[in-house]
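The residues making up each chain are set out below.
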Amino acid sequence: MGKRDYYEILGVSRQSAEDEIKKSYRQLALKFHPDRNPGDKQAEENFKEAAEAYEVLHDPQKKRLYDAYGHEGLRGTGFSGFRGFEDIFSSFGDIFQDFFSFGGGGFGGQTRQRTATRPGDDLLVTLGLSFEEAVFGTEKEVEIDTYVLCNRCRGIGAEPGSRETICPACQGSGQVVQSQGFFRISTSCARCQGTGRVLVSPCRQCEGQGRTRHKKHVQVRVPAGVDSGTRLRLREEGESGYRGGAAGDLYVRIEVTPHPLIERDGDNLYCKISISFLQAILGDSVEMPTLDGAKSLDIAPGTQPGAVVRFPGEGVPKLRGYGRGDFFAEVEVRIPKRITPRQEELLKEFVELEKDKAHNKNKKWPWNRRKEPDKEAMPGIAPEISPS
């Protein structure tokens, strides 16, 4: 089942202002929040669905792409939804502070801590292939400049042998409570970023992130039958997460270099075979190009320009399914621009022979046979009288 329309999910129109979108999301987040609906799977799905819709519609760039192309337009942004609640709370931490922390801090007097980990972003790269590589499949290596797992701390963010400890600023709650008049306002702890824990000794190589910027080489297995625009998804080959968070996915977009002699349409291949007018008249055997190598093509005598020869099962392997498409060869007849006097003489003789052939053929037609009228049977016409 396809995804629902984001405007429908939030109950707003395409012309709604950012404040209206935020207000609608706030109401849905309050309604379907997991603390208010423990164990309710449908509420959890509604909560995730509303968060995904808000993530797109409150971002001007994502919203512009969504308005123009729908869900398909978001593929190039790397956003493919949220993996879970921690992902949502990590992305919308400030918003949830506004929603749930004012005057008491959360539902039931409890405040949800942020997780120290964050998932990595999805990445998109373009891979160029030759025509033959796209048709028959291949294996390629792509290089990407991204965040990779820190090889010193292995993603933990702490120096080897070190550990995390309770944040001394918030005593592990992840929140700092401030009093303003009659109100108590709870905000995220600035020291631990709302996680409630801090590193005793951050990793010297990654400075506590658990990842470092580096060039990464990824092997890509390209299946047979891909074409320009095909996207391959390599799970968890994207950006490494923060402090041990899940890695994002890598999307590989295929670009295929055209073939100089063969064209492709879906799973079928097409080429043109050029022959002389004498080969078309007399017939011949010629070589034609295919992706499996050159092969012999028998030209029957009297072949007409534009004739198409079909070779079943010699096209492109089907990307989703079994078998291959077909190969089609279209015959083109070459007319010489210059001929020798002797060739001209022979051709004129050929033309005369064609005229004689046509004349003899016309004689056989019944409506071309002339017959003298029977004058005796025709009134008003006197019969001829032979002289005596």
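Before going further, it helps to examine the packing of helix 2 (residues 18-32) against helix 3 (residues 41-57). Packing of helix 2 against helix 3 leaves a shortest axis separation of 9 Å and a crossing angle of 165 degrees. The angle between the axes of helix 2 and helix 3 places the two elements in the roughly antiparallel class. Crossing of helix 2 over helix 3 shows left-handed handedness. Facing helix 2, whose interface residues are Ile21, Lys22, Tyr25, Leu28, Ala29 and Phe32, helix 3 presents Ala43, Asn46, Phe47, Ala50, Ala51, Tyr54 and Leu57. Looking at side-chain class alone, the contact of helix 2 with helix 3 contains 11 nonpolar, 1 polar and 1 charged residues.

The next thing to look at is the packing of helix 3 against helix 4 (residues 60-69). Their axes nearest at 6 Å, the elements helix 3 and helix 4 cross at an angle of 100 degrees. By the angle class used here, helix 3 and helix 4 are roughly perpendicular. Between helix 3, through Glu55, Val56 and Leu57, and helix 4, the contact on the second element is made entirely by Lys62, Lys63 and Tyr66. In terms of residue class, the contact of helix 3 with helix 4 is built from 3 nonpolar, no polar and 3 charged.

Our focus in this paragraph is the sheet that holds strand 1 (residues 123-129). On the basis of which strands lie adjacent, the open sheet formed by 3 strands has the order 1-9-8 and mixed pairing. Unpaired on one side and paired on the other, strand 1 and strand 8 (231-234) mark the two borders of the sheet. Ignoring which end each strand starts from, the neighbouring axes of this sheet average 25 degrees apart.

Okay, the pattern of salt bridges next. All chains considered together, the criterion is met by 25 salt bridges. Of the charged contacts, one joins Arg152 and Glu159 as a salt bridge, the two residues approaching to 2.7 Å between their closest N and O atoms. Residue classification places Arg152 among the partly exposed residues on the basis of a relative accessible area of 31%. Residue Glu159 is classed as buried on the basis of its relative accessible area, which comes to 10%. Salt bridges linked by common partners bring Asp5, Arg14, Lys63 and Asp67 together as one network.

Okay, the sheet that holds strand 10 (residues 263-265) next. If you trace the 4 strands from one edge of the open sheet to the other, you get 10-11-15-14, paired in mixed fashion. Only two strands of the sheet have a single neighbouring strand rather than two, namely strand 10 and strand 14 (308-311). Pairwise comparison of adjacent strand axes, ignoring direction, gives a mean angle of 30 degrees for this sheet. Two elements, strand 14 and strand 15 (residues 327-334), share 4 bridges in a ladder whose sense is antiparallel. When the sheet's bridge partners are listed, Val308 is paired in strand 15 with Glu330.

Turning to the packing of aromatic side chains, a few remarks are in order. Here a ring pair, both rings aromatic, is described through the centre-centre distance and the interplanar angle of the planes. Overall, the coordinates contain 5 aromatic pairs when judged by the stated rule. Each ring, one from Phe311 and one from Phe327, has its centre 6.4 Å from the other, and the planes form 70 degrees; the classification is edge-to-face. Here Phe311, found in strand 14, pairs with Phe327, found in strand 15; they are 16 residues apart in sequence, far enough to count as distant. Of the residues examined, Phe311 reaches a relative accessible area of 12% and is grouped as buried. The structure contains a cluster of three or more aromatic residues connected by ring pairs, namely Tyr6, Tyr7 and Tyr66. When the ring centre of Tyr242 is taken as reference, the NZ or CZ atom of Arg118 above it lies at 4.3 Å. The lysine or arginine in question, Arg211, covers the ring of Tyr147, its NZ or CZ lying 4.1 Å from the ring centre.

Here is what the cut-offs are and how they apply
Residues numbered from 1 in each chain as written. Predicted model: local features only at pLDDT ≥ 70, side-chain atom pairs only at ≥ 80, totals over all residues. Heavy atoms only, no water. Axes fitted to C-alpha atoms, helices over the stretch in contact; angles between N-to-C directions. Helix = DSSP H or I, 4+ residues; strand = E, 2+ residues; numbered from the N terminus. Parallel < 35°, antiparallel > 145°, perpendicular 65-115°, else oblique. Left-handed = near helix turned anticlockwise from the far one by under 90°. Contact = heavy atoms within 4.5 Å. Nonpolar A, V, L, I, M, F, W, Y, C, P; charged D, E, K, R; others polar. Pairing = 2+ DSSP bridges. Salt bridge = Lys/Arg side-chain N within 4 Å of Asp/Glu carboxyl O. Buried < 20%, exposed > 50% of the residue type's maximum accessible area, 1.4 Å probe, protein only. Phe/Tyr/Trp six-rings, centres within 6.5 Å; stacked < 30°, edge-to-face > 60°. Lys NZ or Arg CZ within 6 Å of the ring centre and 35° of its normal.

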